[in-house]
Amino acid sequence: MVTVSHIKKKDLVQVMMGKEKGKTGKVLRVNQKHGRVFIEKLNLVKRHTKPTGQEAGGIIEKESPIYACNVLLYCDKCSRGVRTSRKILESGKKVRVCTKCKTQLDK
């Protein structure tokens, strides 16, 4: 089983490999079991769907998963994807920290 510990839902990430290399986007969901992430408006695929009771049929575009090891958390200060480390605050809360500029990435 693969775990994705460095990326969470609603994080801003940058894709480092593949056809979407260099693009940034917000994480829609994380698949912990397979180690994949779904990023908003990136890695789009077309799906042909039949009409159901509520929705009309047709060709729809939806996000396809990307391996979590191919994306990095985006640092606003460095303005690029960076590796992260963890730091424990005085309150006991764990936060993610940019390894380059040492800024806190968790809000």
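Before reading on, note that the structure itself is shown above.
I will try to describe carefully the structure that is included in this document. (Residues numbered from 1 in each chain as written. Predicted model: local features only at pLDDT ≥ 70, side-chain atom pairs only at ≥ 80, totals over all residues. Heavy atoms only, no water.)

**Observations concerning the side chain of Arg96**
What counts here: Helix and strand assignments come from DSSP, with helices taken as H or I runs of at least 4 residues and strands as E runs of at least 2, each series counted from the N terminus. Here a polar contact means two N or O atoms within 3.5 Å. Within protein one must be a hydrogen donor candidate and the other an acceptor candidate, and residues neighboring in sequence count only if both atoms are side-chain atoms. Whether two residues are in contact is decided by their heavy atoms: any pair within 4.5 Å suffices.
Structurally, the position occupied by Arg96 is in strand β10 (residues 94-98). At a separation of 3.0 Å, a polar atom in the side chain of Arg96 contacts the main-chain carbonyl oxygen of His6. Non-local contacts of Arg96, meaning those with residues more than four positions away in its chain, are made with His6, Ile7, Lys8, Asp11, Leu73, Ser85, Thr103, Gln104, Leu105 and Asp106.

**With respect to the nonpolar core**
Inclusion rule: In these notes, a set of buried Ala, Val, Leu, Ile, Met, Phe, Trp, Tyr and Cys residues joined through side-chain atoms within 4.5 Å is what counts as a nonpolar core. We call a residue buried when its accessible area falls under 20% of the maximum for its residue type, exposed when it is over 50%, and partly exposed in between, using a 1.4 Å probe and counting protein chains only.
One finds Ile7, Val13, Val15, Val37, Ile39, Val71 and Leu105 to be the most contacted residues of the largest nonpolar core, which totals 16 residues. The set of elements that each furnish at least two residues to this core consists of β1 (12-15), β3 (36-39) and β7 (71-75). With three residues, β7 is the single largest residue contributor to this core. With residues up to four places along the chain from it excluded, the contact list for Leu105 reads Leu73, Tyr74, Cys75, Val82, Thr84, Arg96, Val97 and Cys98.

**Comments concerning a positive patch on the surface**
What counts is decided by this rule: Residues enter a patch when their relative accessible area is above 30% and they make no salt bridge; the linking distance is 9 Å between like charges and 5 Å between nonpolar side chains (Val, Leu, Ile, Met, Phe, Trp, Tyr). All accessibility values rest on the Shrake-Rupley procedure with a 1.4 Å probe; residue burial counts only the protein chains present in the view. Salt-bridge detection follows one rule: a side-chain nitrogen of Lys or Arg within 4 Å of a carboxyl oxygen of Asp or Glu. Here Asp and Glu are counted as negative and Lys and Arg as positive; His is not counted, and neither are the chain ends. The atoms used to mark charge sites are NZ of Lys, CZ of Arg, CG of Asp and CD of Glu.
A cluster of basic side chains, namely Lys8, Arg86, Lys93 and Lys94, defines a positive patch on the protein surface. Considering the arrangement of structural elements, one finds Lys8 in the segment before β1.

**Regarding the sheet that holds strand β2 (residues 24-31)**
Going by this rule: The pairing criterion for strands is at least two bridges between them, as found by DSSP.
With antiparallel pairing, the six strands of this open sheet are ordered in space as β6-β3-β2-β1-β7-β8. In this open sheet, the two edge strands, each paired with only one partner strand, are β6 (66-67) and β8 (80-82). Bridge count between β1 and β2: three bridges; the pairing is antiparallel. Bridge pairing in β2 links Leu12 to Lys26.

Purely geometric stuff here, so don't read any function into it on its own.
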